[in-house]
Amino acid sequence: MSTKINASNSETQFAELSGRTIAYRSIGEGNPIILINRFRGILDTWDPLFLDLLAEKHQVITFDYSGIGYSTGTLPTDIKEVTKDVKDLADFLKIKSAILMGWSYGGLVTQAATHQYPELATHTILLGTGPIGKRVVPLEQSFLDHALKPINDFEDEVILFFEPESEESRKAAKASHDRIAKRIDVSKIPSTMETFQLYFAGGEGAAEDKDNFRDKLKTTKTPILIISGDHDTSFAVENWYPLTKQLPTSQLIVLPQTGHAPQHQNIPLVVNYIDNFLQNTK
């Protein structure tokens, strides 16, 4: 009897692309979802339960950016260039259209990819992130204090991704941490200021928004689902509020007592929201 392929045992595969090798994993069958990662995120830092529940109805593809984690090359300092990882990997896998799902920094990349490659993105899902352009509410100092440590411990994870004041959120943080810990190579997580600066440059460029990606959210035909926690210390949900009446295809869900990783704290709920969104939008 063959073992079912899931997030815990999926093989790390490699796409040989122009100038770099992109590491990726794929589980499930159905319409593909390409997951686009957070600051310092790698293949190993997605919660496997979240991936497995998504994979019940979809092909779920995770990957490491150029120069990050298991991939080779260098992370570009312009998020528009980072989107090439998404497009080139899709082309390598012969995927003509996909659902693009981005978390945090990856949400900025996802927005850029949606505008750059509208023929690729059937739907866009944004988790714990904000709109490209100037922030109304900046990063909280607590996020910076913990996000830039070379190695994060469990308490850092609670502060960065969950809601420390909520006992339920802390319990979810521990459960998620334990699932992720079963398959993680901490040495692959970016830990140097040199690499952090590459991400920061991309974030600063996104805030400048020279390509007017923020305005393009107002005219896109792509259905967009935004899921945020009510206390995200990195991308405060309030950054979406000035735009909500101007975004014709966007739906915004705010989860209570939730931080920067709504999809790791409220897994079945978030997956249900995603499934309903995908079934009821075209």
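Sequence order as written defines the numbering, with residues in each chain counted from 1. Only residues with pLDDT of 70 or above have their local features reported here, since the model is predicted, and side-chain atom pairs are shown and tallied only from 80 upward, although totals for entire chains, interfaces and linings are computed over all residues. Heavy atoms throughout the structure, all of them, feed into the side-chain values; hydrogens and water do not.

1. As for the sheet that holds strand β3 (residues 32–36)
Here comes step 1: Two strands qualify as a pair provided that DSSP identifies no fewer than 2 bridges between them. Helix and strand assignments come from DSSP, with helices taken as H or I runs of at least 4 residues and strands as E runs of at least 2, each series counted from the N terminus. One open sheet accounts for eight strands, arranged β1-β2-β4-β3-β5-β6-β7-β8; its pairing is mixed. Looking at the sheet topology across the chains shown, the edges are occupied by β1 (13–17) and β8 (250–255). Looking at each pair of strands side by side, their axes are set apart by 25° on average, direction ignored.
Here comes step 2: In the sheet, β1 pairs with strand β2 (residues 20–27) via five bridges, with the strands oriented antiparallel. Its bridge partner lying in β2, F14 is registered against A23. Angular values range over 0 to 180 degrees, each being the angle between N-to-C directions of two axes fitted as lines to C-alpha atoms, with helices fitted over their stretch in contact.

2. Points about helix α10 (residues 267–280)
Here comes step 1: Multiplying 1.5 Å by the helix residue count minus one yields the expected span of that helix. A rise of 1.5 Å per residue sets the reference length of α10, with its 14 residues, at 20 Å; its end C-alpha atoms lie 20 Å apart and thus fit the reference within 8%.
Here comes step 2: Each residue gets one of three labels from its accessible area relative to the maximum for its type: buried under 20%, exposed over 50%, partly exposed in between, using a 1.4 Å probe on protein chains only. I267, V270, V271, I274, D275, F277 and L278 are the residues of α10 that are buried. For α10, the angular spread of buried residues about the axis comes to 165°, placing them on one side. What points out from α10, more than 90 degrees from its buried face, is the exposed set Q279 and N280. The directions considered for the arc run from the helix axis to the C-beta atoms.

3. Some thoughts on the pairing of strand β6 (residues 121–127)
Here comes step 1: Of all seven residues in β6, six are buried, a share of seventy percent or more.
Here comes step 2: Sheet analysis places strand β5 (residues 98–103) next to β6, joined by six bridges and oriented parallel. Residue pairing across strands places I99 opposite H123, the latter belonging to β6.
Here comes step 3: This β-α-β element, β5 to helix α3 (residues 105–116) to β6, shows right-handed connectivity.
Here comes step 4: Inspection of the sheet shows β6 paired to strand β7 (residues 224–229) by four bridges, in the parallel sense. Residue pairing across strands places L126 opposite I226, the latter belonging to β7. Crossovers are marked right-handed if the path from the first strand over the helix to the second runs clockwise, as seen with the strands pointing away from the viewer.

4. Overview of the packing of aromatic side chains
Two descriptors summarise a pair of aromatic rings, namely the distance from one centre to the other and the angle between the planes of the rings.
Here comes step 1: Each pair of aromatic rings taken from Phe, Tyr and Trp, with Trp reduced to its six-membered ring, is defined by centres within 6.5 Å and is described as stacked if the planes are under 30 degrees apart, edge-to-face if over 60, and tilted in the remaining cases. Considering all chains together, one arrives at 10 aromatic pairs under this definition.
Here comes step 2: The interplanar angle of 65° and the centroid separation of 5.4 Å between the aromatic rings of F39 and F196 together place this pair among those described as edge-to-face. With a gap of 157 residues between them, F39 in the loop between β3 and α1 (48–54) and F196 in helix α7 (residues 193–208) connect regions that are remote in the sequence. Taken as a pair, F39 and F196 share a single burial class, namely buried.
Here comes step 3: Among the aromatic residues, those joined into a cluster by ring pairs are F39, F63, Y65, Y105, F196, Y199 and F200.
Here comes step 4: The ring of Y70 has R25 lying over it, and the distance from NZ or CZ to the ring centre is 5.6 Å. Whether a charge sits over a ring comes down to the Lys NZ or Arg CZ being within 6 Å of the ring centre and within 35 degrees of the ring normal.

5. Focus on the pairing of β7
Here comes step 1: The element β7 is extensively covered by neighbouring structure, given that six of its six residues are classed as buried.
Here comes step 2: As judged from the six bridges shared by β7 and β8, these two strands associate in the parallel manner. Residue pairing in the sheet places S228 in a bridge with V254 of β8.

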